[in-house]
Structures are given as structure tokens and as C-alpha cells.
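Each chain, written out:
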Amino acid sequence: MAVLQSKEAICKRVDEAVKNVWVTDVHTHLYPPSFGDILLWNVDELLTYHYLVAETFRYIDMDYDAFWALSKREQADLIFKTLFIDHSPISESCRGVLTVLQKLGLDPASRDLAAWREYFDQLTVEDYTDKVFELGRIKRVVMTNDPFDDLERPHWEKPQTDARFLAALRIDQLLLHYPENWEKIKGWGYDVDAELSIKAVIEVQRFLRDWAVRMQAQYMAASLPPAFKVPDNTLCARLVEQAVLPVCREMNIPFAMMIGVKKLSNPDLQLAGDSEGKGDIDTVEYLCRTYPHNKFLCTMLARENQHELAVAARKFRNLLVFGCWWFLNNPSLIEEMTRMRIELLGLSVVPQHSDARVLDQLIYKWTHSRRIIAKVLRDKYCDLYDTGWRVTDEEIDRDVDKLFGGAFDDFLALQL
Ligand code: FIX
Ligand code: ZN
């Protein structure tokens, strides 16, 4: 252990620690290779990521349905031509594709999509998963696991054994679409009903408990609209307070609220059609205050919610803020949010998650974010140095580990 006696030594250690830390990625849409084709990977999946679909439609007048009728490869060809050749790929999503190719040792300057495809064609998904976790220095990822997803559900008929992939029980379909889904839950053997009677609430609790145990879920999660409000006389609010929170407390797992998604603002864009709106911080504070023995993870989609969310976290130790989510996952906003969060919350925050939908994205989303978080940390430790306080190299390593997964692990272990 060595005390760092200069700002240069501090900055060097911060850069090394952030570069070398193995990350726990607390929210992704990835799956282990054993889940087959629902794990997306390779350059065509990178190019047809819904972020790039949305950006492509800003330049083309193609009919939406005509685009969706194209094959994946034809869509990728059109996106590559539009966003990379006809216009320079300077958006964050475009840059991300090129960072992946570069880190894999391919040559972005070649602009040779055919050659990149040939590279991926000779890989197995198992080997490529190992390569991506190694290149991205990813310890573990938390998945998004939806029992209502007909493609995913059969994979849970036996235990998932790849320890790099942790589960999160995703319950949007329960909370936001109970009228459309209660009969499906009944068909799975849970005696629920349309009006959500007390008996049905008990059965929903059993449904949640069974799936959380089956998946060994790290938390339960839902993506929620800007208008998400509790308390309220809605099925969603009743399900949260009467079913979700009692089971989460019983199992000592957090409820992760991802607030602010306006689903399908443009339905023609399909998955790329969601937009955002400001959420209600009073709901977050009500839940944290009213259920002090429950734990809440929270990320909000509107930039306008970020400061009040960080302040709320100062008030409630059972609230852990995470990530620069979706439309916030851009260098300018990652820096703004990370600076503000560390100034308000110190190391009791999860600065970033990837939200990766394509395996390869782990490489770029973490490469880009590490660089920005390191920049903020260099400034913060240098500010500390100016007070006369001195840190050691091991303390910087410890702090960085907290930010890239340790704080999340501590929160999961917390008994309130
Ligand atoms: O609700 C969510 O988990 C969102 O992250 C996704 O629905 C969204 O499409 C996404 O992948 C954003 O990055
Ligand atoms: Zn997500």
C-alpha cells in the first residue's frame, strides 16, 4: 500500500483502477449462450440495434413496413450505408459499433462490412461470449428475465448454470398489463381473477415467489411510465404494494423501478419507438419512506429527474440509484450525471449499467463509460488532494470497485 503524494500519481492510479476493474453490469438484455438465438450477437445485430434504426429513419423516406419486411442483413446494409457511409458515424450509437470492431482487432477504416461478417461467421457464440467478457472486463451481467416471454420461458425449465449471467425477474406484463395477462397466470396454476381479489393477491405473491426462486433473481424489475404513481387506486399500484413489495422483503431482494418510458410514441418504429417523460419523484420517496425494510433500485429516464433522484437517495438508505439509462447513455450526460451523483452521494451509487441488448455492446458501452467515469474521478480525487487529505493506491482501487459493482453487491446483502 502506498500513499499517493501527487496529483499525477493519483490520476495514474485512477486510470489504472478504472481500466482494470472487473464490472458487474446491473442491467442488460443479454442471455447465456445456452438460451440460444434470443442472445443477440455479431455485426448485423449491432447495426440493427433499435437505437440505430431510429437514427436511420431520420434520413430515409422508406415506408416503415418496407423496412421491417427487409431481412436482418438487408436492414444492416441500409443502416450501414445511411449512418456510416452517406453520413459520418459520429452519433454515440454509431461510434459504439466502431469501438467494438476496433477492440476485436478489425479495421473500421476498411469500411468492409463483408469482411467483418466473415470474422463473425467463423466464431461460436460460446467462444465469442468468453472473448467479449474478457475484452470488456465484465465479471457478471444481470439479465432481464420475463416469465411472460414465450421464447425465454422454456429455458427456465432447468437451472441456468452460467454464473456470469445473473437473473432479474421482469414484471412489466404483470404490473402494467394485468387485465390482459391474469388469465395466462391462472393457466399457469395460480388462482387469480380479473378484479385482483385478496385471494388473487396471495396467488400473485406465490407466482412472484416461484419465479424469483426459480431464477434466483437478484431483484424484481419493471420499466414504468412517467405517470407511474403510488399510492393510487390502480391495479399497478395495488400490485406493487400488496404483492411485489411483500415478496421482495420476504426474499430480501430489491424492487428495481425504471421510470419514465413512454412506450411506442411512434409505433411504426416498433422497439425503436419508445420515448421518455418526467417521472414522479414523490412516488419514489413515498415507497422508500413507507417501506423502510424494502430495498429499491431506481433509474429514471428523464434528465430532469436526475438531481431530485440523487437527493432522494440522500434521504433514504434503502434507495440505490443506478445507471445513465438509454437516452442518457451519452458522454455529455454520463459526465454531468456522474459528477453530480458523486458530489451528492459519494461512492453509494451505481454510476452506470450498459442496457446491452447485443452481446458485443458490452465492449463499447463499458469502454466509453470507463473513460468518462475515470475523468470525473480524477477531478474528484484531485479536489480531495487540494484539501490536504491523502489517499492510498489501495483505497482508490477499493473505491473504484465499489462504483463498478461493489456498491450493488453491498446493497443486495443489506438487511434492513
Ligand atoms: O425497459 C428497459 O429495460 C429498457 O432499457 C429497454 O426497453 C430499452 O429498449 C433499451 O434497451 C434501452 O436501452
Ligand atoms: Zn433495459
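Named according to an unreviewed UniProt entry, the chain is Glucuronate isomerase originating from Luoshenia tenuis.

Pairing within the open sheet is parallel, and its 3 strands lie in the order β1-β2-β3. Each end of this open sheet is capped by a strand with a single partner; those strands are β1 (23-25) and β3 (165-166). Relative to β3, strand β2 (residues 138-142) runs parallel, the two being bridged by 2 bridges. The residue bridging V141 from the neighbouring strand is F165, located in β3. Helix α8 (residues 125-136) rests against β2 and β3 of the sheet, and its axis sits at about 110 degrees to β2.

Let us now look at the site of ligand 1. Around ligand 1, the surrounding shell consists of H27, H29, H50, Y51, R170, S223, M258, W325, W326, D355 and R357. In the model, an oxygen atom of ligand 1 is placed 3.1 Å from a nitrogen or oxygen of the H27 side chain. At a separation of 2.6 Å, an oxygen atom of ligand 1 approaches a polar side-chain atom of R170. Protein contacts shield 98% of the accessible area of ligand 1, which totals 330 Å² for the unbound molecule. Looking at side-chain class alone, the shell around ligand 1 contains 4 nonpolar, 4 polar and 3 charged residues.

This brings us to the pairing of strand β5 (residues 220-224). Most of β5 sits out of view: 5 of its 5 residues are buried. Both faces of β5 are covered, namely the face carrying M220, A222 and L224 and the face carrying A221 and S223. For strand β4 (residues 169-170) and β5, the ladder comprises 2 bridges, and the chain directions are parallel. Residue L169 lies in a different strand from β5, and its bridge partner there is M220. As judged from the 5 bridges shared by β5 and strand β6 (residues 255-259), these two strands associate in the parallel manner. The partner of S223 across the bridge, within β6, is M258.

For the rest of this paragraph, the subject is unusual backbone geometry. Of the consecutive residues V230 and P231, the connecting peptide bond is found in the cis state with omega at 0 degrees. Here P231 lies in the loop between β5 and α12 (235-251). Despite not being glycine, Q216 has its phi angle at roughly 55 degrees, a positive value. Here Q216 shows up in the loop between α11 (198-215) and β5. We classify Q216 as exposed; its relative accessible area is 62%.

Each value, and the rule that gives it
Residues numbered from 1 in each chain as written. Chains lettered and ligands numbered in written order. Predicted model: local features only at pLDDT ≥ 70, side-chain atom pairs only at ≥ 80, totals over all residues. Heavy atoms only, no water. Pairing = 2+ DSSP bridges. Helix = DSSP H or I, 4+ residues; strand = E, 2+ residues; numbered from the N terminus. Contact = heavy atoms within 4.5 Å. Axes fitted to C-alpha atoms, helices over the stretch in contact; angles between N-to-C directions. Near = heavy atom within 4 Å. Polar contact = N/O pair within 3.5 Å; in protein donor to acceptor, adjacent residues only side chain to side chain. Areas by Shrake-Rupley, 256 points an atom, 1.4 Å probe, with all protein chains shown as cover. Nonpolar A, V, L, I, M, F, W, Y, C, P; charged D, E, K, R; others polar. Buried < 20%, exposed > 50% of the residue type's maximum accessible area, 1.4 Å probe, protein only.

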